[in-house]
Amino acid sequence: MNLWTRSYGAVKVDITLHPNNLIEMDRIMDLVRTLEIPSAGTSEDVPSRENSAEEMDSPAAPSNSEDFDPAELPDSQPGGWTEWPLAVGAKQIFVSVGGDDDNSGRSESEPVKTLAAGIDLLANGTGDQLLLKRGDVFVGQDFGEWSVSGKNADAMMLIGAYGSGSRPMVQPAKEAQILVGREGTKCSYVAIADLHFLVPDGHDGSVRPPHIIWRSEGTNFHIEGCLFDGTAMISQRIAGHGPVKNVIFRRNVVDAPYAVGGRVHIYWQGVTGGVLEENFLYHLGWKENVVPDDKFTHNAYITSTCTGIVFRRNISMSSSSHGVQLRCGGVMDENVFIDTALQSFGYVLGGSKDNPARDAGVSGSIRDNLFIDPKKIDGADRGVGVQVANVNKTGLVISGNLFLNDVRSGEDNSCVIELDADNGPAGLHEVSIDANIAYNWRSGLVVREGNYANVSGVNTDNNDWQDMMGANSMPTYVSILGENYGKFSFSGNIYNRKEGETEVGFRVGSRTRYGDRDFAWWTKNVEPTAKEAKENYPDPDRTIETYSTSVGGGGTQEGVIASCLLQQKTFWDEDYTAVSILNYFRAGFGMAPIT
């Protein structure tokens, strides 16, 4: 057990850490294989600039279902951490600021001094390893344009760490990138682990912070256990170039990168098969009193040209806009979203409705997540648990989620789940909204205006809508803002409004209040099995602060943030994982734990 002290703003937090208290990871392959991998189109509305991490107008390359085999994605490792043993015939190159570039670099006692010298000693296609000394700080250095591949998935080219102490720190020069896999090159089987990437001194947001940018044609690019300290990551396939396949981003911490103009986020475009798992994504793309939060900047932005994506067991907190924008669909399970404005699944808003990237629609799951304490965006009301659009006939399951405590996001634009039947050619099909709990939120389910001609199999069953408050723009429970409301099925839901709230319960067939309906009308015309009753949960008023108290963290949200920022392989605290937070809140509602 170790006692650490970390200053967070004006708050000093003492944190007790339990080294090597590792959680057992479930295998991810069964989740990946449940996805339909449709052919996607040719463009996305916000691709990124060729020579930097900035966005530009050139199109992305199409993602191609024929490029993706889910079996190629590596499994999570027992104990939660991936191991990269040195392959037969491969070598290790050691780098330390106390070394000498005239050394061989072949042992800890003879390290080279600079990253450039170490890279020059690597052999392509062998599984060589470039190891940086823990505790060292490589100022003004970076990995340049990377071209060294590993041999195969069992003999990865590793950029990692050796020795004891804190992670090696790499701090590129101003306007430099951390590492670039250039479009037009081929590179595969590369892993980066246990490094600390620091923004240059004096960063004020006038230039974009350093990124890892991966656009090389190839497969198996893996980042694990790294701290992106004011820095970020992009993975992207560029038009006219080969596929970017099997990208893994797991157990990393991304802490508050920003730039004037926003749009600094984890950004994936045209990726064919990938996993974002057990990361802590905090406050990406904006900074109070410097760069305002806006609707274009997200903690993670996964575009519609990606396929086969798993977003699982992440903690996404204090986003500018979306905690995650998962436009490609896929798996969005067992995550914790704290202080985010909204999340989306499928192609919701933005871009042209005729964009061919949207033709096939999306499918997947949104299961067992926690959405808590939603926020505004630069003063504008938000507070949407999840938006959904363009779901094909393979379908989408929204189940087992908790939506809690919408008290800060404002009374306009707030709802638990928003469905859009007309934003995309696939419409809405086989959407199951089942066994979710919404508690102390404003509005419940909203189906946006439309004629619903391309809707089938949308069922909302056995959900609890409890202590609901209503909003200025929407009623308390359900709004179906089109005339053809019979396309949507409801059964076994339980409704209850917060004491003293008088907002109407339902709006059907009209956006205006002429469509307002009471509970008696609803049960007669739509849902005969509905109940209006207050559920008695074991402890529903739990908060992030009470969670902090329960794990000895001091009872503050700042303490939770500070402990999450410290997560790494050598000091991994199970109390600050998504699963532990999920299970604390699930117990408050009598729900079974995540295992």
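Here goes a summary of the coordinates provided.

Criteria and thresholds
Residues numbered from 1 in each chain as written. Predicted model: local features only at pLDDT ≥ 70, side-chain atom pairs only at ≥ 80, totals over all residues. Heavy atoms only, no water. Helix = DSSP H or I, 4+ residues; strand = E, 2+ residues; numbered from the N terminus. Buried < 20%, exposed > 50% of the residue type's maximum accessible area, 1.4 Å probe, protein only. Contact = heavy atoms within 4.5 Å. Areas by Shrake-Rupley, 256 points an atom, 1.4 Å probe, with all protein chains shown as cover. Pairing = 2+ DSSP bridges. Core = buried A, V, L, I, M, F, W, Y, C linked by side-chain atoms within 4.5 Å. Patch = residues over 30% accessible without salt bridge, like charges linked within 9 Å, V, L, I, M, F, W, Y side chains within 5 Å. Salt bridge = Lys/Arg side-chain N within 4 Å of Asp/Glu carboxyl O. Lys, Arg positive; Asp, Glu negative; His and termini not counted. Charge placed at Lys NZ, Arg CZ, Asp CG, Glu CD.

## Observations regarding the overall build of the chain
Point 1. When its secondary structure is counted, the chain shows 6 helices and 43 strands.
Point 2. Residues classed as buried in the chain amount to 63% of the 595 residues present.
Point 3. Counted over contacts in the chain with a minimum sequence separation of 6, partners at least 24 positions apart contribute 77%.
Point 4. Total accessible area on the chain stands at roughly 20,800 Å², and carbon and sulfur atoms take up 46% of it.

## Re the pairing of strand β18 (residues 271-277)
Along any regular strand the residues' side chains alternate between the sheet's two faces.
Point 1. Of all 7 residues in β18, 7 are buried; the element is thus mostly enclosed.
Point 2. Relative to β18, strand β15 (residues 244-250) runs parallel, the two being bridged by 6 bridges. Bridging from a neighbouring strand, V244 pairs with V271 of β18.
Point 3. Sheet topology note: the β18/strand β21 (residues 307-312) ladder contains 5 bridges and is parallel. Paired with V275 across the bridge in β21 is V310.

## Describing the nonpolar core
Point 1. L130, F143, W146, W268 and W522 are the most contacted members of the largest nonpolar core, which has 97 residues in total.
Point 2. For L130, the residues in contact, after removing those within four places along its chain, are I93, V95, G118, I119, L122, F143, W146, M157, L158, I159 and G160.
Point 3. Of all hydrophobic cores here, the second largest spans 31 residues; its members include I315, Y576, Y584 and M591.

## Some details on a negative patch on the surface
Point 1. A cluster of like negative charges, contributed by D100, D101, D102 and D120, occupies part of the molecular surface.
Point 2. Tracing the backbone shows D102 in the loop between β3 (92-95) and α2 (115-120).
Point 3. When its relative accessible area of 74% is taken as the criterion, D102 is described as exposed.

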